[in-house]
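Residues per chain, in single letters:
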Amino acid sequence: MELSSFLCIFLAVYRVSAETGLGDEFQPSVKASCVGGTMTIRVDTALPFDGVVHGPNRTEPGCSVTGKGGLKTYLKIDLGVPAGLPGSCGVKYNPDTEERRVAIGVRAHNTIELLEDRLYVVTCGKAGFQNSRNEVSVVQLKVTDGFSKKNTVLEGSAYTLRAEVLNHDPNYGILVKRCFAFDNSDTSVELVDDRGCRTQKLISEFSYDDSAGTADATLHSMFRMPGSNRTYFQCDVEICRGSCPKPDCDLDKEQITQKIDNSELKSVDPFARSQSDDTVTTSTSVFVAQPGSSAAVGAAVCTGGDLNPS
C-alpha cells in the first residue's frame, strides 16, 4: 500500500513537471524597482512561464500575478497601501535607508506546489548611503522650474533635472550617470551613459556643486513617451569620498541626436544597476501636459505640489 501511494505521488509530480515544461531548468531571476509609488517586481525565466508570482500571502488581493507564457512576468505592488492592510503585500519599509523589501514566491505551476518553486526576498534600489557622520544621506531626484519641484510640466518647455543629497556631508561628492526616461510600458530612452555623459541633446551635461551636494542638468524641451502622459526619470548616482572625477564628454564625437523619435526609443533595463559598490539609485516622475490642454494651464500657474493628475 505504501509503495503504491509513493508511486502515485511520484507519477503525479512527474506529470506536473512534464506539463510545466520547466523541470530542472526552472531558475527564475527576480529583480525589483520602486518608481512613482509602485514596486515593480520582474521575474525572468528561460522558458515560457505560466506559473504564479505572489507575495507572502498568495490570496491577498493585488499581490499575485499569473504568467501568460512570456519570458518576463511583472507583479506591481501599490506602495500607497498602508502596511498591514489588504493590498500592502507584506512590503517592509526602512525609513533610515528608504529601502523597501518583500518576500516573493515564484511557483512553476499556478495551482500546485512543486519542489521547483522558489522563494526570494527582493529589495528596491537604495537611495541612501552612510556618510562620515554615521548618518544616512539620501539622494533625491526631482524636476524643477529653477525654483521648486514640479509634479506637472508642460511639453516642450525647459526644466531642470536635479539630483540633490539630503543631509549633505561635504566630505562626499556625487557623479550622476546612467539616467534614462521611461513610461509604464517597455518604452524608454537613455539620457546619460555609464560614464556620466549625456547621450541626447535634449539634456545638458550635469553641472555640480559639491559644497551643496547638488547636480543640475537642463531638460531643454520636456517630452513624453508615445501613448503616455507620465514620464519617469531614473539615475544612478555614484558616491565618492571627496569630489568625483568627471568624465571627458565630446558631444560631436559621440554624434548625439537632437530629438527623440521612435527610432531612438529603445529598451533600457530599469532593474539593472551600476557595478560600483558606492552607487545609489534614485527616481522621480512628472505628468507631462500637452500645450492647449486644461492640465497645461495648471502646469503654467501651479507650484510643484498643487497639481498632480493621474
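Since the model is a prediction, treat every value here as computed from it, not as a measurement.

(A) Broad picture of the overall build of the protein chain. The number of helices and strands found in the protein chain is 3 helices and 18 strands. Out of the 310 residues in the protein chain, the part that is buried amounts to 45%. Here the contacts in the protein chain between residues at least 6 apart in sequence split such that 67% fall between residues at least 24 apart. Per element, the accessible surface of the protein chain, about 15900 Å² overall, is 50% carbon and sulfur.

(B) Looking closely at the packing of aromatic side chains. According to the stated counting rule, one finds 3 aromatic pairs in the structure shown. Judged by centre distance (5.2 Å) and plane angle (40°), the rings of F180 and F182 are tilted. Note on F223 and F233: the rings are 6.1 Å apart at their centroids and 75° apart in plane angle, and the pair reads as edge-to-face. With F223 in the loop between β16 (214–219) and β17 (230–241) and F233 in strand β17, this residue pair connects regions lying 10 residues apart in the sequence. Given the relative accessible area of 8%, F223 is considered buried. On the accessibility criterion, F233 (0% relative accessible area) is buried. Grouping aromatic residues by their ring pairs yields a cluster made of F180, F182 and Y232. In this arrangement the basic side chain of K246 is found over the ring face of Y208, its NZ or CZ atom lying 4.7 Å from the centre.

(C) Structural detail: the side chain of T199. If you trace the backbone, T199 turns up in the loop between β14 (188–192) and β15 (207–209). A residue is classified by how much of its surface remains accessible, and T199, at 18% relative accessible area, is buried. Polar contacts involving the side chain of T199 include one to the main-chain carbonyl oxygen of E190, which spans 2.9 Å.

(D) The arrangement of the pairing of strand β7 (residues 99–107) in detail. Here strand β3 (residues 52–54) runs beside β7; their pairing, made up of 3 bridges, is antiparallel. For V53, the partnering residue across the bridge sits in β7 and is V106. Alignment of strand β6 (residues 92–94) against β7, held across 3 bridges, turns out to be antiparallel. Paired with N94 across the bridge in β7 is E99. The sheet contact formed by β7 and strand β8 (residues 118–123) spans 6 bridges and is antiparallel. Counted as the bridge partner of G105 is L119 from β8.

(E) Just the nonpolar core, in detail. With 33 residues, the main nonpolar core has L161, L191 and F233 as its most contacted residues. The set of elements that each furnish at least two residues to this core consists of β10 (136–144), β12 (159–166), β13 (172–182), β14, β16, β17 and β18 (279–289). Once residues lying within four places of it in the same chain are set aside, the contact partners of L161 are L141, K142, V143, I203, F206, A215, D216, A217, L219, F233 and C235. One finds A32, C63, V102 and V122 within the second-largest nonpolar core, a separate group that totals 20 residues.

(F) Region of interest: the sheet that holds β18. What the 5 strands build is an open sheet, ordered β11-β18-β17-β13-β14; its pairing is mixed. The open sheet has two edge strands, β11 (152–154) and β14, and neither has a second partner. Averaged over all neighbouring strand pairs, the angle between strand axes comes to 35°, with direction disregarded. Sheet analysis places β11 next to β18, joined by 3 bridges and oriented parallel. Bridged to V153 within β18 is V288.

Calculation notes
- Residues numbered from 1 in each chain as written.
- Predicted model: local features only at pLDDT ≥ 70, side-chain atom pairs only at ≥ 80, totals over all residues.
- Heavy atoms only, no water.
- Helix = DSSP H or I, 4+ residues; strand = E, 2+ residues; numbered from the N terminus.
- Buried < 20%, exposed > 50% of the residue type's maximum accessible area, 1.4 Å probe, protein only.
- Contact = heavy atoms within 4.5 Å.
- Areas by Shrake-Rupley, 256 points an atom, 1.4 Å probe, with all protein chains shown as cover.
- Phe/Tyr/Trp six-rings, centres within 6.5 Å; stacked < 30°, edge-to-face > 60°.
- Lys NZ or Arg CZ within 6 Å of the ring centre and 35° of its normal.
- Polar contact = N/O pair within 3.5 Å; in protein donor to acceptor, adjacent residues only side chain to side chain.
- Pairing = 2+ DSSP bridges.
- Core = buried A, V, L, I, M, F, W, Y, C linked by side-chain atoms within 4.5 Å.
- Axes fitted to C-alpha atoms, helices over the stretch in contact; angles between N-to-C directions.

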